[in-house]
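# A structural walkthrough
Read off the chains here:
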Amino acid sequence: MPEPLPTSQAGRTLQRLLRRADARWALLALGLIGALALLGPLLSPWGTETLDWRHLAQPPGLTAAHWLGTDRLGRDLYVRTLSAVRISLLVSLLASALSLVIGVGFGAVAGFVPGRTGVWMMRFVDVLYSLPYLFIVIILTALLPRGSLTVLLLSLGAVGWLTTARIVRGETLALKQRPFIEAARALGVPPARIVVRHVVPNLLGPVLVYATLTIAQMILFESFLSFLGLGVQEPRASLGNLIFLGAQELESATWILLVPAGFLVALLLALNQLADALRDALDPRAA
Amino acid sequence: MLSYALRRLAGLLPTLLVILTLSFAILRSAPGGPFDQEQALSPQVRANLTRAYGLDQPWPRQYLHYLRGLAHGDFGPSLRARDFTVRELIAQGLPVSATLGACAFALALALGLPCGIAAALHAQRGTDRVLAVLSALLLALPSFVIGPLLALLFGIGLGWLPVAGWQPGGGRFLILPALTLGLPVAAYLARLMRASLLETLRAPFVRSAQARGLGPLRVLWRHALPPALLPVVSYLGPTLAFLITGSLVVESVFGLPGTGRYLVQGAIDRDYPLVLGMIVVYATLTLLLNLLVDLAYGWLDPRVRHA
Amino acid sequence: MRPEAQPLLSLRALTVRYPGAAPVLHGVDLDVQPGECLGVVGPSGAGKSQLFLAALGLLPPQAQVSGSARYAGTELLGLPRRALDRLRGGKIGLVFQDARAALTPHATIGAQLAEVRRRHCGESRALARRHARDLLERVQVSDAARRLQQYPHELSGGLCQRAMIALALAAEPRLLIADEPTTALDLTVQSQILALLAALKEGGGLSLVLITHDLGSLAGIADRVAELEAGRQVRSGAWRPGPAGTPAAAESPPAAGAALLALQGVSVRHRLPGWRGPTLEAVHGLDLTLAAGVSLGIVGESGSGKSTLLRVALALQPPSEGRVRWDGTDLASLGAAALRGQRRNRQLIFQDPAGSLDPRLTVAEAVGEGLAVHAPQLAAAERSAAVCAVLQAVGLGPELLARHPHELSGGQCQRVAIARALVLNPRVLCCDEPMSALDATSQAQVSALLARSQRAAPLTLLFVSHDLAAVRALCHEVLVLYLGRRMERGPVTLLHGAARHPYTQELLRAEPAADPAVERARLAAVRPGEMPSALAPPSGCVFRTRCPYALARCAAQVPPWESVAPGHEIACHRWRELPPGG
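One structure accompanies this document, and this report is about it. (Residues numbered from 1 in each chain as written. Chains lettered and ligands numbered in written order. Predicted model: local features only at pLDDT ≥ 70, side-chain atom pairs only at ≥ 80, totals over all residues. Heavy atoms only, no water.)

### Observations regarding the sheet that holds strand 4 (residues 64–71) of chain C
Residues and elements named next belong to chain C. Spatially, four strands are ordered 2-1-4-5 in an open sheet, and the strand pairing comes out antiparallel. Each end of this open sheet is capped by a strand with a single partner; those strands are strand 2 (25–32) and strand 5 (74–75). Sheet analysis places strand 1 (residues 9–17) next to strand 2, joined by five bridges and oriented antiparallel. Bridging across to strand 2, Leu 9 finds its partner in Val 32. The sheet strands contacting helix 1 (residues 48–55) are strand 1, strand 2 and strand 4, and the helix crosses strand 1 at an angle near 110°. (Pairing = 2+ DSSP bridges. Helix = DSSP H or I, 4+ residues; strand = E, 2+ residues; numbered from the N terminus. Contact = heavy atoms within 4.5 Å. Axes fitted to C-alpha atoms, helices over the stretch in contact; angles between N-to-C directions.)

### Side note on the packing of helix 2 (residues 21–39) of chain A against helix 3 (residues 77–112) of chain A
Residue and element names in this part refer to chain A. Taken N-terminus to C-terminus, the directions of helix 2 and helix 3 make an angle of 115°; their axes are 8 Å apart at the nearest point. As the angle between them shows, helix 2 and helix 3 are arranged roughly perpendicular. Here helix 2 runs over helix 3; the crossing is left-handed. Where helix 2 abuts helix 3, its residues Ile 33, Leu 36, Ala 37 and Leu 38 lie against Tyr 78, Leu 82, Val 85 and Arg 86. Class assignment of the residues belonging to the contact of helix 2 with helix 3 gives a composition of seven nonpolar, no polar and one charged. (Parallel < 35°, antiparallel > 145°, perpendicular 65-115°, else oblique. Left-handed = near helix turned anticlockwise from the far one by under 90°. Nonpolar A, V, L, I, M, F, W, Y, C, P; charged D, E, K, R; others polar.)

### Regarding the sheet that holds strand 11 (residues 259–271) of chain C
All names here are of chain C. Taking strand neighbours across the sheet as the criterion, the four strands line up as 12-11-14-15 in an open arrangement whose pairing is antiparallel. Strands with a single pairing partner mark the edges of an open sheet, and in this sheet they are strand 12 (279–291) and strand 15 (329–330). Pairing analysis gives two bridges linking strand 14 (residues 321–326) to strand 15, with the strands arranged antiparallel. In the strand pairing of strand 15, Arg 325 is matched with Asp 330. Together, strand 11, strand 12 and strand 14 form the strand contacts of helix 9 (residues 306–313), whose direction differs from that of strand 11 by roughly 120°.

### Some words on unusual backbone geometry
Residue and element names in this part refer to chain C. At Ala 315, a position not held by glycine, the phi torsion is positive, near 60°. Relative to the assigned elements, Ala 315 resides in the loop between helix 9 and strand 14. Residue class for Ala 315 comes out buried when judged on its relative accessible area of 17%. Unlike most non-glycine residues, Asn 425 shows phi in positive territory, near 50°. Locating Asn 425 in the fold gives a position in the loop between helix 13 (410–422) and strand 17 (428–432). (Buried < 20%, exposed > 50% of the residue type's maximum accessible area, 1.4 Å probe, protein only.)

### A few points about the side chain of Thr 188 of chain C
Residue and element names in this part refer to chain C. Within the secondary structure, Thr 188 sits in helix 8 (residues 187–204). Of the polar contacts made by the side chain of Thr 188, one reaches the side chain of Glu 301; its length is 2.5 Å. Residues in contact with Thr 188, not counting those within four places in the same chain, are Glu 301, Glu 506, Leu 507, Ala 510 and Arg 546. (Polar contact = N/O pair within 3.5 Å; in protein donor to acceptor, adjacent residues only side chain to side chain.)

### Observations concerning the packing of aromatic side chains
Tallied over the full model, the rule gives nine aromatic pairs over all chains. Judged by centre distance (5.5 Å) and plane angle (85°), the ring pair of Phe 227 of chain A and Phe 244 of chain A falls under edge-to-face. Of this pair, Phe 227 of chain A sits in helix 8 (residues 191–227) while Phe 244 of chain A sits in helix 9 (residues 239–248), placing them 17 residues apart in sequence. Residue classification places Phe 227 of chain A among the buried positions, given a relative accessible area of 5%. Of the residues examined, Phe 244 of chain A reaches a relative accessible area of 35% and is grouped as partly exposed. With a centroid separation of 5.0 Å and an interplanar angle of 55°, the aromatic rings of Tyr 503 of chain C and Phe 543 of chain C are classed as tilted. Highlighted residues: Tyr 503 of chain C in helix 16 (residues 502–509) and Phe 543 of chain C in the loop between helix 17 (516–524) and helix 18 (552–556), separated in sequence by 40 residues. The class of Phe 543 of chain C is buried, set by a relative accessible area of 0%. Members of the aromatic cluster, connected to one another through ring pairs, are Phe 224, Phe 227 and Phe 244 of chain A together with Phe 144 of chain B. Across the ring face of Tyr 272 of chain B, the terminal group of Arg 28 of chain B is positioned such that the distance to the ring centre comes to 4.1 Å. Over the aromatic face of Trp 326 of chain C sits the side chain of Arg 346 of chain C, whose NZ or CZ is 5.1 Å from the ring centroid. (Phe/Tyr/Trp six-rings, centres within 6.5 Å; stacked < 30°, edge-to-face > 60°. Lys NZ or Arg CZ within 6 Å of the ring centre and 35° of its normal.)

### Details of the nonpolar core
Membership of the largest hydrophobic core comes to 142 residues, with the highest contact counts inside it found for Leu 156 of chain A together with Leu 197 of chain B. At 13 residues, the largest contribution of residues to this core is made by helix 7 (residues 172–201) of chain B. Sequence-distant contacts of Leu 156 of chain A, defined by excluding residues within four places in its chain, comprise Val 91, Ala 95, Val 137, Met 218, Phe 221, Glu 222 and Leu 225 of chain A. Listed in part, the 87 residues of the second largest apolar core include Val 116, Ala 171, Ile 211 and Val 225 of chain C. (Core = buried A, V, L, I, M, F, W, Y, C linked by side-chain atoms within 4.5 Å.)

Read these as geometric descriptors, not functional statements.
Here's what the structure looks like:
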């Protein structure tokens, strides 16, 4: 039988997503940045920590020895920025995954178990929430041994799950009110099967949107912490500590700030835009 | 209404206590102590200091002692800036941070709300498109990027405003930091306002108000806007608390003597009373503002009005 | 056209289209004469509402409207906003479907009424307030002074609709356009609203346009009817009844079998949210037995506890008090797994067919799920054969197997839901208003399908509906509920004139008549009154506040449950003195 339209929900969502110009741009930008981060450093003769004494604070230029210039110590900004993007992406993807797993699990359980248990579970989240959000990360990274990526990852994930849990609980509660969940109960479908077959698949949409936003949040947090000197440590490069160095050289060598800042802004912009487009594509009111 | 507010106010105390206990536990379970980094101190002096500040006592006793002081408005001494009490430190920094935060907040409101309303009224047309691009850009510009960029443009490039520094009463020093802090909030507010107003403009009661010939302005102000403000208001509460207690990045980029650095530096230095003091200030503010948000909800929406 | 009668509203070649789609309305011509009531009918999606919204400039900005719409000679299309706003609300009042959503939620009724008076009549605040009260009294709202201070969410659906009508009338317009003003209201309240509209029209030279999907409701009020279908006018003229929709009555029941389902002293209470929230009693001390083969219809207005009763009978909700027995077994004594295992005996059909299907499952998956749970031993081929067979039985072809709910019509969705229930060979099928969300054609199909299933299998229906015609067609017995309590139970002849309880008779009187003269008389005799809040039920007989025969005794004592005749029971102090009827 010929099928002119994808009948599955995922297929239709993807189709609606790709119909939007901003979504196509965002996906293209993300793909490009990702590919550059993986393969880009191979194209350059310079290493991340090579000091080129002949070219200190060199401005960018396509014909210059350093395409995107060098910093005050003569390190190649093209290679350093791309390796920073790689670290930022790695840390933020892992931290997002961590916070999503904890958050979705906690939120779905808190939403689905009947009675006071769910309410108390959310009270716990609320208390953690009224602690200054960023302050927790700062305290954790400040208290634990500094410079370890694992610590950075854990503390980012440990805070990120709070919002996920709230969103997922809200969605689960709303889902529980829908008649098809009641219909499954009336059919005699066991609770575990209801969660796996009816609740979780219907949560995927909102979680997907939120996951995209979480990755952007995590990239932002990671570079924020590294900017403060609490995250990735020199000589390893991260977007945050590159921007920190750039801000120091603002008056003499603006490109040291602008190159990593450009990559950071492009990443955040593309992820935010993608999340927006995804939300619209998943909206049942969309035609 | 008043009794409801008082009841809620009393309910804040236990929450605050839980937050404090949690923070105390996290702080004290970390390795290291306040005097570890001062190599000049002889072991004898260090032991004397430890005793003088009561740090040799068991934790529960230290905690109770701290709480007793707090009940009398005493935040304790700073363990690093040993000539100052935590209260004095906060009293020095908070006015600067709060002024900056209030300016940023006012800016965000003055810019974000009208832009959001305009975008919703012109949805999918020119104004809306331009504002969407602008707000997306601002939201992707973290304060540690936008701050240096603004300093570069207005401070170094155009030379209109001071790049950094602070003099009491110097409003000029606040403009760039307030922009840095306020612009992303304005962008987020504008998006929130737009989405929420678009939603209410589609509501049946708005169309029915139009059908009664009430006129576009009255329909917007009296019928569409109040419900559309609900999500905006609930975002504003915690945001104001965050802005007032000081942004570390903005204060360090622009060299402002606010409270932003207390928390991080306090945590690194293991200056327990300073960190706890900041958490008390922040959490109290957050909880109070959230309470205000709840009360404002009742005012905007009679369905959640409290008996 | 007669020269002396310039139409009040005149639509010519009105066309509405949205970018990138076929037109919603294709050149419709329509006139509304002064003082007449025009009914506009058509199935959902025919463009009835769009027609008048387009004329009044109330469609979203992307809508493209062409043609002409004149009010008393003034062209409305392209009229400047200021002039248009003087007409809207001032000369033409609009009443919308779902009045509670169409009233501004954060303003009191009084403030909204005064707003219109001040705007269109230029009155002072104090004068507008005084007139607001008069307006509420004009739409027969009792206790008007208190209602003025209330917000829409504090009012019942019927009161909201009256307030909405008062708002539309506030500036003394000459034309009132009401878009599905009675949809989603109980029949009793529907009659009240229709009676009010009829009285307004008779009283003050007001022209009326009534937009509805329910041709029957227009019999007593419309002077002329225009029928729309797929954006085109298909007929116009005097009201005449639609194609006979009354299906055959249910066959007489087989010899009553053993009691399948028995509820004993069941009460259901909900704590309302909030600090020390009040307790609402949805069902109060109810006894009920359902015998095998004898289908039971449960009727009553919304808020009478019908749906809660179904949920308890299906063990989807435990009763706060009392027992539910299935085949003699107390359901509360069963463990979770045992309870799930025997759920296949009692299946449920929902009011909202699309909502009761998981949007992510195909038809095959949805219908097959029950088998996967209750008959896991079946091979995949056997299961899909069973699914195909049951789909065929409900009149759906195998080409739908791979479809998702959003690709089906409402009627198809409901048939999939019925197939999902029937594939398990249940003994009782509980239906919660299964037809009320469907259009007339699908209603008839689903009704016929249920009747067929009932005959084909030994299937007993527990049928909750406010649609008495459907109950007559499908059920052998009727139970009448009011505020969670039984009022009367008996054979279905109750609905054919044998009713003794004043409430049952009230429900029967709320049914529109097919003869315009009869219907007109019926509307003229409609009595006010709405169900009180279940939070504060009246003492004694709960119906006494609306009962025309209530005595002091009715307030003092709860009437006993007495037998009128074998199989006919009633809770009324005065049933012996009152005539049967309806």
